[in-house]
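Structural characterization, general
The lines below spell out each chain.
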Amino acid sequence: MSPFLSLKRRGVPRISSGGQSALPKRDWSRFGVIPLAFATLLLTGCATEPLTQDAGLTAPAAFKAPATTETTAPPLAQKADAFWLIFGDPVLDDLEARAMTRNTDVAIAAARVQQARALIRQARALQLPQVSAGLQSSRASQTGQSPKASTLHAAGLDLGYEVDLSGRLSKATQAATLDASAAEDTAKWAQLLVQGAVAETYFALRALDEDRAIVAETLEAYQGTLSVTQNRYAAGDVAELDVVRLQTEVATTEAELKALDRQRAQVENALSLLVGDLPSTFRVESKAWEAQPWAGAVPLIPAGLPSELLTRRPDVTAAEKAMQAAQKRVGIARAAWFPRLSLTASAGGASNDLSDIFAESARNWSLTAIVAQAIFDGGQRKAGVELAQGDLAIAFAQYRQSVLVAFGDVENALSDIDGLTGEAETQSTALAAARRALDLSQSRYKHGYVSQLEVLDAQRSYLRIRRQDLQVRAQQYQATVRLIRALGGDWTV
């Protein structure tokens with residue numbers, strides 16, 4: 001469980017009460033800037049940021065929906081580095097690999113990680129001395145009875161360093177480090193979302209291929225029956241109504257076939273965008289459902305313990321780190337109320353002759369310590385603290401929301417898998433009954449016991465149930481992918 005589910009707020013210690021100092025009086029006048037620096041060190045005790053409040057969430061002991069369902073497939077005993085490998089489909093493997101190298105969302109997330117790491121280096125640089133070098137030449141004259149121009153050359157090194165008495169600079173580095181870590185987790189989550197979308201879209205495409213094959217098979221049967229019926233009508237054995245009914249079924253089925261072709265093209269185009277290819281050059285060859293390496297039993301994914309979800313899901317860990325970074329920035333904003341100690345030093349030389357610029361007589365140096373404290377800023381510092389606290393409250397709410405969404409995703413996926421398993425069993429029974437009804441109606445029609453209308457009704461019912469059975473099976477694979485994604489792409493027994 002994440003520690004931020006149970007942390008409490010702690011108060012900020014005070015140095016003194018009643019506005020009176022608890023320190024004995026001393027004469028610090030002979031020590032120059034030391035008393036100001038010492039006072040600054042004392043005041044920095046107030047610059048600590050508070051820990052976040054209790055999130056009010058406790059991980060349940062178990063998921064509400066059943067985590068496993070009895071199937072012919074045994075549960076996978078270990079996690080997969082790339083979850084789609086459990087399906088053993090080379091086409092899917094290739095699509096996932098292409099998506100990880102060419103998908104724009106993945107590329108954007110990777111670029112943001114690069115930016116976040118650069119911000120760490122910037123923050124660390126501010127904790128180090130800043131050194132600059134300069135060379136200057138100037139020529140000027142003085143007004144008077146005999147003006148005379150002179151040239152002055154100067155060269156030197158300047159050094160500036162801020163003593164991080166209040167911890168402001170170190171907190172900025174810590175916040176930037178947390179931001180970078182959150183960006184890395186966000187990038188992992190973006191990859192997982194794309195991987196899941198590729199797998200779900202791929203199964204939808206394969207289901208459309210099989211659906212089209214079923215409809216095409218039915219159309220072929222209708223066309224054969226129509227040909228026979230037309231011959232019987234020409235011989236005067238059947239009425240024209242039988243021919244017209246079959247013509248209607250053939251035309252309707254042809255229209256359905258064209259609609260499936262259009263739908264498949266759209267799904268294939270969506271898949272091309274996920275893998276970063278142009279739709280005009282992207283193709284996935286049709287393949288029968290039963291010929292797929294994963295056809296048959298759906299892989300069984302154990303959900304594990306609910307508390308493990310908080311460390312598995314990259315979006316949850318990213319939100320937690322973003323909250324920690326916001327916490328650091330509250331401390332940075334509060335540090336603005338305390339003095340800053342800056343040290344500056346310079347050394348160099350100045351001479352009218354460039355060759356003498358580094359001579360001992362031309363050398364000069366200086367060392368300065370400055371303690372600065374704002375007296376009146378019109379409420380800017382107070383507003384800065386309130387702004388940082390508001391950002392922390394937002395980050396806290398976003399973290400809590402990410403935890404709730406994570407648990408909700410797993411519960412929904414488990415519920416889908418359990419419901420679809422029962423639905424698949426019912427559909428299998430209905431499909432067998434529909435097949436038997438079609439066989440009986442065709443037999444009765446051949447012997448003249450029923451009209452052709454009963455056969456057409458049985459054919460339509462069988463086609464409908466057969467397609468529904470296919471959709472349920474496809475949804476089982478898609479629900480499995482959603483469960484893996486909801487678990488953060490990782491699972492253990």
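Note that the structure is a prediction, hence the values are computed from the model and not measured. (Residues numbered from 1 in each chain as written. Predicted model: local features only at pLDDT ≥ 70, side-chain atom pairs only at ≥ 80, totals over all residues. Heavy atoms only, no water.)

Opposite charge on two side chains allows them to pair when their charged atoms are near. Going through the model one piece at a time under the given rule, you end up with 27 salt bridges. The shortest N-O distance in the salt bridge between Arg-312 and Glu-308 comes to 2.9 Å. Residue Arg-312 is classed as buried on the basis of its relative accessible area of 10%. As a salt-bridge pair, Arg-482 and Asp-416 come within 3.5 Å of each other at their nearest N and O atoms. In this pair, Arg-482 sits in helix 9 (residues 452-486) while Asp-416 sits in helix 8 (residues 380-446), placing the two residues 66 residues apart along the sequence. With relative accessibility at 23%, the residue Arg-482 sits in the partly exposed group. Under the relative-accessibility criterion, Asp-416 is labelled partly exposed at 32%. (Salt bridge = Lys/Arg side-chain N within 4 Å of Asp/Glu carboxyl O. Buried < 20%, exposed > 50% of the residue type's maximum accessible area, 1.4 Å probe, protein only. Helix = DSSP H or I, 4+ residues; strand = E, 2+ residues; numbered from the N terminus.)

Bringing the packing of helix 4 (residues 168-234) against helix 9 into the picture now. Packing of helix 4 against helix 9 leaves a shortest axis separation of 9 Å and a crossing angle of 170°. Our classification of the angle between helix 4 and helix 9 gives roughly antiparallel. (Axes fitted to C-alpha atoms, helices over the stretch in contact; angles between N-to-C directions. Parallel < 35°, antiparallel > 145°, perpendicular 65-115°, else oblique.)

A separate point is a nonpolar patch on the surface. A contiguous nonpolar patch, built from Val-131, Leu-157, Leu-159, Tyr-161 and Leu-343 and spanning about 410 Å² of accessible area, is present on the exposed surface. Top element by residues in the nonpolar patch is strand 2 (residues 149-163). It accounts for three residues. By the secondary structure assignment, Leu-157 is in strand 2. (Patch = residues over 30% accessible without salt bridge, like charges linked within 9 Å, V, L, I, M, F, W, Y side chains within 5 Å. Areas by Shrake-Rupley, 256 points an atom, 1.4 Å probe, with all protein chains shown as cover.)

Once that is clear, we can look at helix 8. The terminal C-alpha atoms of helix 8 lie 92 Å apart, and with 67 residues this matches the ideal 99 Å at 1.5 Å per residue to within 8%. Where helix 8 ends, the next residue or the one after it, Gly-448, has phi of about 80°, a positive value. (Expected span 1.5 Å × (residues − 1).)

Over its 35 residues, helix 5 (residues 240-274) extends 52 Å from the first C-alpha to the last, a length consistent with the 51 Å expected when each residue adds 1.5 Å. Directly beyond the C-terminal end of helix 5, a positive phi value near 80° is found at Gly-276.

Let us now look at empty space enclosed by the protein. If you walk through the whole model with that rule in mind, you get one cavity of 30 Å³ or more. Its boundaries defined by the atoms lining it, the largest cavity holds a volume of some 40 Å³. Of the residues assigned to the lining of the largest cavity, the class counts are three nonpolar, one polar and four charged. (1 Å grid on protein atoms, 1.4 Å probe; cavity = no way out; pocket = protein on both sides within 12 Å on 5 of 7 lines; lining within 4 Å. Points joined across faces, edges and corners; volume = space filled by probe spheres on them. Nonpolar A, V, L, I, M, F, W, Y, C, P; charged D, E, K, R; others polar.)

This part covers the nonpolar core. Counting 79 residues, the largest nonpolar core has Phe-83, Val-198, Leu-271, Val-410, Leu-483 and Leu-487 as its most contacted members. The set of elements that each furnish at least two residues to this core consists of helix 2 (90-102), helix 4, helix 5, helix 6 (309-312), helix 7 (314-335), helix 8 and helix 9. When near neighbours in sequence (up to four residues on either side) are disregarded, Val-198 contacts Leu-92, Leu-95, Glu-96, Ala-99, Leu-271 and Leu-274. Membership of the second largest hydrophobic core comes to ten residues, among which are Val-113, Ala-116, Ile-120 and Ala-180. (Core = buried A, V, L, I, M, F, W, Y, C linked by side-chain atoms within 4.5 Å. Contact = heavy atoms within 4.5 Å.)

This part is about the environment of Arg-212. In this fold, Arg-212 is placed in helix 4. When the C-alpha atoms of Arg-212 and Ser-286 are compared, they prove to be 9.9 Å apart, with 74 residues separating the residues in sequence. Within the structure, the side chain of Arg-212 is placed 2.4 Å from the side chain of Asp-261, a separation counted as a polar contact. (Polar contact = N/O pair within 3.5 Å; in protein donor to acceptor, adjacent residues only side chain to side chain.)

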